[in-house]
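Chain residues, written in single-letter form:
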Amino acid sequence: MSAVDRRTFLSFTGALVAPLAFPLAAGAAQTASAAQTADAAPAAAARAAGAAQAAGAPKAPGPHTGRIIVNALGSLDDPNLDLDPKTPRGAPSKSNPTPNSEEDPFTERVLREAHASGLTAVNVTLGYVAGDMEPYEATIRDIARTDAAIRLHANDLIKVYSAADIRRAASERRIGIIYGFQNAQMMGHDATRVDTFGGLGVRVIQLTYNPANPLGDGSMAPGNRGLTAFGREVVERLNANRIMVDLSHSGEHTCLDAARASRQPISINHTGCRALTDLPRNKTDEELRLVAERGGFVGIYFMPFLKTDGHASAADVVAHIEHAVNVCGEDHVGIGTDGSVTSIDDLDAYRAVLAKEIEARRAAGISAAGEGPDTFPFVVDLRGVNQFHQLTARLQSRGFASSRIDRILGLNFLRFAKDVWGS
């Protein structure tokens, strides 16, 4: 398959970080030392921002707002690279290149706008999500490529191993990259692979994508089974390795079973509230409440599933955040946008290829109820470099205190990360 192999939604929406154009490095195990000791100043991004403003580009917000902003599921890429009409729709996208590609999605624009957005850290999806590639091999290669990319952009990026690394990213004005999976299919039938991935710096593992896998059922699996025996074994191993158990995309029974089976708090990093919008990708109040009662975290996405007709707005994002806070309490809710801070510039060009991408997802069996050829996989009036600033203003207008907004934008995830990963 092509672009649908790894994307949660569409290859060019910026929903995931792309596999990067670097060979499988023999020194991948040394990535942590190289990335963590690099010069912290994002000088290249600052110079680029100044040049853009001199050329007449709109002035972006400063690179550090003082808030810690953590996107519990998002990406750093430029979806505009995929809108070239000469690019065949069946081909891998420039922001989602093949292992042999020389494309680097961490472009100057991507890094500049990530800094300008105020983003502190983002959980990016690596490795296998769906497709005909071998899941384990593809995932190992993707981790190595991403390690190499962070070394290349060490002035701007930092690999996150602990909660302290998120605070370090904020103080050094770098962007923390949290390694995560959106499908545990790469485990095969061997739970000890969790140890391998943990050693490579993976910090979030989502148990299922939309279909079923050996661990349990995804949100679109018709059986709605609970967690399987192998799934319980994997959860136990995740706990032992202090890796986040993410239940986004899971079926209801799988989510409830996993939340009860886990010895550590768990998360639903990108979801909506089914009480407001009755679609399978959203979570019931029972699921949300159980996660919160066990000390976990819930991230609200900026996705079409927040409204039954698929045309979600910023007001819908705020409504789902408010409902989640009412159910979970203000200490357990945050954001997981499922998108990038670099927005699509030409929506007309985007519409021209959207239908083909949806068709590909449906053919692959990975689509979800609520997505379609006429629904953008993002919120049109809450996207781009100012999205977090705009969300802040909207929450303020709803009477949210500054301390509560701070929690939602990042401190709740940081608290959860400390509980799971350590300080």
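Note that this is a predicted model, so its numbers are computed, not measured.

Peer 1: Tell me what's going on with the overall build of the protein, and back it up with residues and numbers.
Peer 2: Each helix and strand in the protein was counted, giving 13 helices and nine strands. The buried share among the 423 residues of the protein stands at 61%. The contacts in the protein between residues at least 6 apart in sequence include a share of 77% that link residues at least 24 apart. For the protein, the accessible area works out to roughly 14,700 Å², and carbon and sulfur atoms hold 50% of it.

Peer 1: Break down the environment of isoleucine 140 for me, with residues and values.
Peer 2: Tracing the backbone through its elements, the reader meets isoleucine 140 in helix H4 (residues 135–152). Taking the C-alpha atoms as reference points, isoleucine 140 and leucine 126, separated by 14 residues in sequence, lie 9.1 Å from one another.

Peer 1: I'd like a rundown of the packing of aromatic side chains, residues and numbers included.
Peer 2: If you walk through the whole model with that rule in mind, you get 10 aromatic pairs. Note on tyrosine 301 and phenylalanine 305: the rings are 5.8 Å apart at their centroids and 45 degrees apart in plane angle, and the pair reads as tilted. Here tyrosine 301 falls in the buried class, since its relative accessible area comes to 0%. Taking the relative accessible area as the measure of exposure, phenylalanine 305 reaches 2% and is therefore buried. Through pairs of rings, three or more aromatic residues link up here, namely Phe297, Phe413, Phe416 and Trp421. Directly above the aromatic system of tyrosine 136 lies the positively charged group of arginine 193, at a separation of 4.1 Å from the ring centroid. Stacked on the ring of phenylalanine 400, the Lys or Arg arginine 404 has its end atom at 5.1 Å from the ring centre.

Peer 1: Got a sec to walk through the nonpolar core? Specific residues and values, please.
Peer 2: Counting 78 residues, the largest nonpolar core has Leu76, Ile177, Leu207, Leu247, Ile321 and Leu391 as its most contacted members. For this core, the element with the highest residue contribution is helix H10 (residues 314–328), accounting for eight residues. Each residue touching isoleucine 177, except ones within four places of it in the same chain, is listed here: Leu76, Val122, Val124, Ile150, Leu157, Ile158, Lys159 and Val160.

Peer 1: Now, about the pairing of strand S5 (residues 202–206): what can you tell me, with residues and values included?
Peer 2: Taking burial as the measure, the five residues of S5 include five buried ones, the bulk of the element. Two strands pair when backbone bridges link them, and S5 and strand S6 (residues 244–246) are joined in this way by three bridges, in the parallel orientation. By the bridge assignment for S6, isoleucine 205 is matched with valine 245. Taken together, S5, helix H7 (residues 229–240) and S6 form a β-α-β motif whose crossover is right-handed.

Peer 1: So what's going on with the state of the cysteines? Which residues, and what values?
Peer 2: For the coordinates displayed, the defined rule picks out zero disulfides. Counting only cysteine sulfurs, cysteine 273 is the nearest neighbor of cysteine 328, a cysteine outside any disulfide, at a range of 7.3 Å. The buried category is assigned to cysteine 328, whose relative accessible area is 9%.

Peer 1: Can you explain the packing of helix H12 (residues 387–397) against helix H13 (residues 402–421)? Please cite residues and give values.
Peer 2: Each packed pair of helices is defined by two parameters, the angle between the axes and the distance between the axes. Close contact between H12 and H13 brings their axes to 10 Å; oriented N to C, the two are set at 145 degrees. In this structure, H12 crosses over H13, and the sense of that crossing is right-handed. For the pair H12 and H13, contact is made by Leu391, Thr392, Leu395 and Gln396 and by Ile405, Ile408 and Leu409, respectively.

Peer 1: Could you give an account of the environment of isoleucine 335, with specific residues and numbers?
Peer 2: Here isoleucine 335 lies in strand S9 (residues 333–335). Note on isoleucine 335: relative accessible area 0%, which makes it buried. Sequence separation of isoleucine 335 and asparagine 269 is 66 residues, and the distance between their C-alpha atoms is 7.6 Å.

Peer 1: Go over the environment of aspartate 82, please, and point to the residues and values.
Peer 2: Locating aspartate 82 in the fold gives a position in the loop between strand S1 (70–74) and helix H3 (108–117). Each C-alpha atom of the pair aspartate 82 and tyrosine 350 lies 9.1 Å from the other, and the pair is 268 residues apart in sequence.

Calculation criteria
Residues numbered from 1 in each chain as written. Predicted model: local features only at pLDDT ≥ 70, side-chain atom pairs only at ≥ 80, totals over all residues. Heavy atoms only, no water. Helix = DSSP H or I, 4+ residues; strand = E, 2+ residues; numbered from the N terminus. Buried < 20%, exposed > 50% of the residue type's maximum accessible area, 1.4 Å probe, protein only. Contact = heavy atoms within 4.5 Å. Areas by Shrake-Rupley, 256 points an atom, 1.4 Å probe, with all protein chains shown as cover. Phe/Tyr/Trp six-rings, centres within 6.5 Å; stacked < 30°, edge-to-face > 60°. Lys NZ or Arg CZ within 6 Å of the ring centre and 35° of its normal. Core = buried A, V, L, I, M, F, W, Y, C linked by side-chain atoms within 4.5 Å. Pairing = 2+ DSSP bridges. Right-handed = clockwise from strand over helix to strand, strands pointing away. Disulfide = S-S within 2.5 Å. Axes fitted to C-alpha atoms, helices over the stretch in contact; angles between N-to-C directions. Left-handed = near helix turned anticlockwise from the far one by under 90°.

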